[in-house]
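Architecture at a glance
Each chain, written out:
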Amino acid sequence: MVETSGGGSGRLHPHGQRRSVAAFLAANKTLLAAAWVVGFTLVFLWQSAKVSVGGGGGGGGGFLRLRSAPPSSPPRPAPLLRPKAYKLTDFGGVGDGRAVNTEAFERAIKAIAALAERGGGQLNVPPGRWLTAPFNLTSHMTLFLAEGSEILGIPDERYWPLMPALPSYGYGRERKGPRFGSLIHGQNLKDVVITGYNGSINGQGEVWWMKHRRRILNNTRPPLLQLMWSKDIIVANITLKNSPFWHFHPYDCTNITVSNVTILAPISSAPNTDGIDPDSCQDVLIENCYISVGDDAIAVKSGWDQYGIAYGRPSRNIVIRNVMARSLVSAGISIGSEMSGGIANVTVEDVRIWESRRGLRIKTAIGRGGYIRDISYRNITFDNVRAGIVIKVDYNEHADDGYDRDAFPDITNISFKEIHGRGVRVPVRAHGSSDIPIKDISFQDMSIGISYKKKHIFQCSFIEGRVIGSVFPKPCENLDLYNEQGQLVKRAAMWKLHGYMTRSSGVKAVNKRSIMKQASGKKIFHGSKPFGSNTAP
């Protein structure tokens, strides 16, 4: 007998209930069979129309994703999101995949710019394939991509304008001198929305990738979408794919939301096709995205070496949540390596990283300067990831030889909580150095199924911090151990050198002069290269 919490008799009699159900079924066999057939047919038709199984941007691992309705279905009308809306065809646009629509985009955007004082305007891109060279957006504009619409970048580099190097990079990033501008670009804008019914922007980057591999490009490849010195930006409900370089690069922007965006590129042979790279940006939300690309899915940046230090714009107040990420070449979520303006107050939560080389990665080097601090990772799942958590301080790739050999990044207050997964080769590889120790790191509630057993599953050096509660596999011995109630159980062994406390791991390589310098807060090196440094000249 089963108790209930409601009124009435307050009791159910399961034996009598079974008899009533059996009698009903016996009396209505034909009716029930017909209903079952109709229901099954409707579900099958709905699934066939709405869901397909496909690869993650070029190889392996199927996933479910929505696709366009059958061609016979009438297109959904675009909602009116501004006081005035135009269609690209109103300005001579032809969506056959062959006609070049650059002038049509430019004329439409010019008309919208004239509406700025009246709330701006909306440009609807109908179903079709709209080939274009790069064009610029305007403020108070909504670019709406209909279901079945695709903006295509012309693969011929002669159509792509050159722009000066970014001031915080001082270099084209791949080549000296100017860089190619993005397919869709904007500077000093406000109130820009790029959205739709999952229409797509396709950079057709295959030719660019081939030229890059053959080293026949004289300038840095272009991003797909780049907004600079702008604020109040929304990118939502669209697909970005096959960018020549980074897919979405907001630069020195404020108040950015990226939501329900799919970003796809081949997981190999598509170099540097990062998904989203907020760079010297603040107040950023990235949520509900699926990213499978040929480099970092998301990389937070803030300038490169002496140029980023001089520019001095940090990335801060960034939330990344509810994201599925895949990167066979690099990492799901990265910080750096260009972080010379500083990166602070970043929260990464509810993220699944699958079939990737690395899961979470922080990368920096001597010469970067700046800081990485107050970074929180929570509820992260790794699925078949080679290295789960990686912190690397010898990522020695520099814009030029003019970087400061005494510019040491500061890495402080990094927390990992609720980190789980399976098929991980190395759960943690966190290596600081005598010049760049990792301070105040914490691990709490970790359980990672490993695919390869070796002596040091957690690999650590020059770090200090704590392990709280249950952590599996066994963590580094040079971390303090606390129980679930936050009570100290075991203090890690520490060595004291010239007033600076350093953990026992890596002590054989300790640079005593560097430690003295860090303890006093003063620079004591007078040469171009610190004693014992492994930094390349």
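Placed above this text is the structure.
To start, this report covers the structure provided alongside it. The structure displayed is predicted, hence computed values, not measured ones.

The subject of this paragraph is the nonpolar core. In this structure, Leu137, Ile201, Tyr377 and Phe382 are the most contacted members of the largest nonpolar core, which totals 99 residues. Sorting elements by how many residues they give to this core places strand 28 (residues 371–392) first, with eight residues. Lining this core are residues from two domains, each supplying at least three of them: domain 1 (88–278) and domain 2 (295–494). If we skip the residues at most four places from it in the chain, leucine 137 touches Ile109, Ile184, His185, Leu189, Val192, Ile194 and Leu227.

A complete count under the given rule lists 14 aromatic pairs for this structure. Each ring, one from tryptophan 229 and one from tyrosine 251, has its centre 6.0 Å from the other, and the planes form 75°; the classification is edge-to-face. Separated by 22 residues along the polypeptide, tryptophan 229 in the loop between strand 17 (225–228) and strand 18 (231–236) and tyrosine 251 in strand 20 (residues 248–251) bring together distant segments of the chain. On the accessibility criterion, tyrosine 251 (0% relative accessible area) is buried.

Working definition: the strands of a sheet are paired by backbone hydrogen bonds and lie parallel or antiparallel to each other. Reading across the sheet, the four strands line up as 9-14-17-20 and stay open at both edges, with parallel pairing between neighbours. Edge positions in the sheet fall to strand 9 (135–136) and strand 20, since each of these pairs with one other strand and no more. With four bridges connecting them, strand 14 (residues 184–187) and strand 17 associate as parallel partners. Pairing of glutamine 187 across the sheet is with methionine 228, part of strand 17.

Turning our attention to helix 3 (residues 102–113). With twelve residues, helix 3 extends 16 Å between its outermost C-alpha atoms, agreeing within 8% with the 16 Å of an ideal straight helix rising 1.5 Å per residue. Regarding helix 3, the residues found buried are Thr102, Ala104, Phe105, Ala108, Ile109 and Ile112. Across the axial projection of helix 3, the buried residues extend over an arc of 165°, all falling on one side. Along helix 3, exposed side chains directed more than 90 degrees from the buried face belong to Glu103 and Lys110.

With that out of the way, let us pick up the state of the cysteines. The tally for this structure, following the rule as stated, stands at one disulfide. With a sulfur-sulfur separation of 1.8 Å, cysteine 460 is cross-linked through a disulfide to cysteine 476. Residues cysteine 460 and cysteine 476 are joined by a disulfide whose S-S torsion is about 65°; by sign, that bridge is right-handed. Here cysteine 476 lies in the loop between strand 33 (463–472) and strand 34 (480–482) and cysteine 460 lies in strand 32 (residues 458–461), a separation of 16 residues in the sequence. Comparing cysteine 460 with cysteine 476, the two get one shared label, buried. Counting only cysteine sulfurs, cysteine 281 is the nearest neighbor of cysteine 253, a cysteine outside any disulfide, at a range of 4.8 Å. Residue class for cysteine 281 comes out buried when judged on its relative accessible area of 0%.

Conventions used here
- Residues numbered from 1 in each chain as written.
- Predicted model: local features only at pLDDT ≥ 70, side-chain atom pairs only at ≥ 80, totals over all residues.
- Heavy atoms only, no water.
- Core = buried A, V, L, I, M, F, W, Y, C linked by side-chain atoms within 4.5 Å.
- Buried < 20%, exposed > 50% of the residue type's maximum accessible area, 1.4 Å probe, protein only.
- Helix = DSSP H or I, 4+ residues; strand = E, 2+ residues; numbered from the N terminus.
- Domains from an automatic or database assignment.
- Contact = heavy atoms within 4.5 Å.
- Phe/Tyr/Trp six-rings, centres within 6.5 Å; stacked < 30°, edge-to-face > 60°.
- Pairing = 2+ DSSP bridges.
- Expected span 1.5 Å × (residues − 1).
- Arc of directions from axis to C-beta.
- Disulfide = S-S within 2.5 Å.

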